[in-house]
Amino acid sequence: MRLRTRGLFSIRRLRRALSDRLRGTPFDRALDAAIKTGNRDFVFGWNRGLGDIALGLVPLFARIRARCPDSRIVVVTRPDLAEMAALAGVDDVVIVDDLARDAPVDPLRMAENRGIVFRHPPTVFADPDPTRWLDGQRQTFAPRLVWDASRDAQALHFAPPIDGRIVIGAHVNSETAQYYGYVKDWPAESWRALIARFPAERGVQWLLFGNAPQPRFEFSNVTDVRGSTSLHELLALVRTQCRVLLAPDSGILTAVFYLEQNRALDVVSLWSDPRQGILKQGCASPNPALKHHALLGRDDDVRNLSVDDVDHALTAIIEDVSCRSHPDLARAD
């Protein structure tokens, strides 16, 4: 029975793929219809992952803007996704309080209840399917998240960096790891061993990001802001304080990678599944000064990345940054 069900599912997927190729995806057809009727208002519901706003919705928004420069795009979403949606270049973000992840949402009704007035009956995407709608087109419209530099001041609410040290931001536990069928987070004992190898004597200061301040990391050169930052505050800290970011496949990694800026930043990413996230997207960062160092765990398991693996990557980056900061010392060697 299981094999039969799997076979029927494969047949349906094949038929759907052929239909999308011949007739266009539901998104293609809806956009064509909107242009034909002169409708320029679009409403999206989004109640899934944080990083998928950048990876999936932003390219769809870019396709709309390319064909309808005067379009209005409204996103209806959960409170914890609102700040990412605000970076997506949309016109309005409608927040639905107490919305459980993956629960169905009527975005048009929610938008109208919040006082949004549309010029025409809008095109509504209540449950967007970017995976299907972007198949084979992920590189056509690369994700770009728009940052207002005035938000950098939000970093001032937290401890300032220590002069003369390289600040390494570390996202030590991802918020949505429990929703995936594979392990996304590097083990706490590995983080602890790695931090111990980069004490203050090596000119390093650690800045920890994450969902909650557990487990504890008791080191003199660690500033722990886990559980105390909004997304915008976290990004402001990375922009103003961090020279290196170390992170698993997560919405935080995606947000930093696709943030439109020009700041020197080395990003070391830790992976179980290279068929997900920014690796699947296959698009360069809009930050020309960002260097990406992707590390993949053996057998598609991030837990198989050794402390030595990550140590080697960080050591090479720190040596390079130090040489750039002190070229006279580099020449003396």
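Parameters and conventions
- Residues numbered from 1 in each chain as written.
- Predicted model: local features only at pLDDT ≥ 70, side-chain atom pairs only at ≥ 80, totals over all residues.
- Heavy atoms only, no water.
- Buried < 20%, exposed > 50% of the residue type's maximum accessible area, 1.4 Å probe, protein only.
- Helix = DSSP H or I, 4+ residues; strand = E, 2+ residues; numbered from the N terminus.
- Contact = heavy atoms within 4.5 Å.
- Core = buried A, V, L, I, M, F, W, Y, C linked by side-chain atoms within 4.5 Å.
- Pairing = 2+ DSSP bridges.
- Axes fitted to C-alpha atoms, helices over the stretch in contact; angles between N-to-C directions.
- Parallel < 35°, antiparallel > 145°, perpendicular 65-115°, else oblique.
- Left-handed = near helix turned anticlockwise from the far one by under 90°.
- Nonpolar A, V, L, I, M, F, W, Y, C, P; charged D, E, K, R; others polar.
- Arc of directions from axis to C-beta.

(A) Structural view of helix 8 (residues 231–241). Most of helix 8 is tucked away, with ten of its eleven residues classed as buried. Looking at the buried side of helix 8, the elements it contacts are helix 4 (82–86), strand 5 (166–173), strand 6 (204–210), helix 9 (251–257) and strand 9 (265–271).

(B) Focus on the nonpolar core. Judged by nonpolar contacts, the single largest core of 57 residues is most densely connected at Phe27, Phe42, Phe44, Phe61, Leu145, Phe209 and Leu235. For this core, the element with the most residues is helix 3 (residues 51–67), which contributes eight residues. Apart from the residues lying within four places of it in its own chain, the contact partners of Leu235 are Leu87, Trp147, Ala255, Val256 and Leu259. Judged by nonpolar contacts, the second largest core, of 28 residues, contains Phe198, Val244, Val268 and Val310.

(C) How the structure looks around the environment of Ile162. Its place among the elements puts Ile162 in the loop between helix 6 (130–133) and strand 5. Take Ile162: its relative accessible area is 38%, and that puts it in the partly exposed class. Taking the C-alpha atoms as reference points, Ile162 and Asn221, 59 residues apart in sequence, are found 9.3 Å from one another.

(D) The arrangement of unusual backbone geometry in detail. Going from Gln214 to Pro215, the amide bond is cis rather than trans, its omega being -5 degrees. Considering the arrangement of structural elements, one finds Pro215 in the loop between strand 6 and strand 7 (222–224). In this model, Asp299 sits at a positive phi of 60 degrees, which is unusual for a non-glycine residue. Here Asp299 is to be found in the loop between strand 10 (290–296) and helix 11 (307–325). For Asp299, a relative accessible area of 66% corresponds to the exposed category. In this structure, Asp300 is a non-glycine residue whose phi angle is positive, near 55 degrees.

(E) Molecular detail of the pairing of strand 6. Among the seven residues that make up strand 6, seven are buried, leaving the element largely enclosed by the rest of the structure. Along strand 6, one buried face is formed by Val204, Trp206, Leu208 and Gly210 and the opposite face, lined by Gln205, Leu207 and Phe209, is buried too. Summarising the sheet, strand 6 and strand 7 pair through three bridges and their orientation is parallel. Directly across from Leu208, in strand 7, lies its bridge partner Asp224.

(F) Geometry of the sheet that holds strand 7. Taken in spatial order, the six strands make up an open sheet running 7-6-5-8-9-10, and their pairing is parallel. Of all strands in the sheet, those with a lone pairing partner are strand 7 and strand 10, marking the two edges. For this sheet the average axis-to-axis angle between neighbouring strands, irrespective of direction, equals 20 degrees. Summarising the sheet, strand 9 and strand 10 pair through seven bridges and their orientation is parallel.

(G) Just the packing of helix 2 (residues 26–37) against helix 3, in detail. Put simply, helix 2 and helix 3 touch, their axes get as near as 11 Å, and they point 25 degrees apart. The orientation of helix 2 with respect to helix 3, classified from their angle, is roughly parallel. Pair helix 2 / helix 3 crosses with right-handed handedness. On helix 3, the residues touching Phe27, Asp28, Leu31, Asp32 and Ile35 of helix 2 are Leu60, Arg63, Ile64 and Arg67. Here the residues of the contact of helix 2 with helix 3 sort into five nonpolar, no polar and four charged.

(H) Representation of helix 7 (residues 188–197). Regarding helix 7, the residues found buried are Ser190, Trp191, Leu194 and Ile195. Around the axis of helix 7, the buried residues are gathered within 130 degrees of arc, so they sit on the same side.

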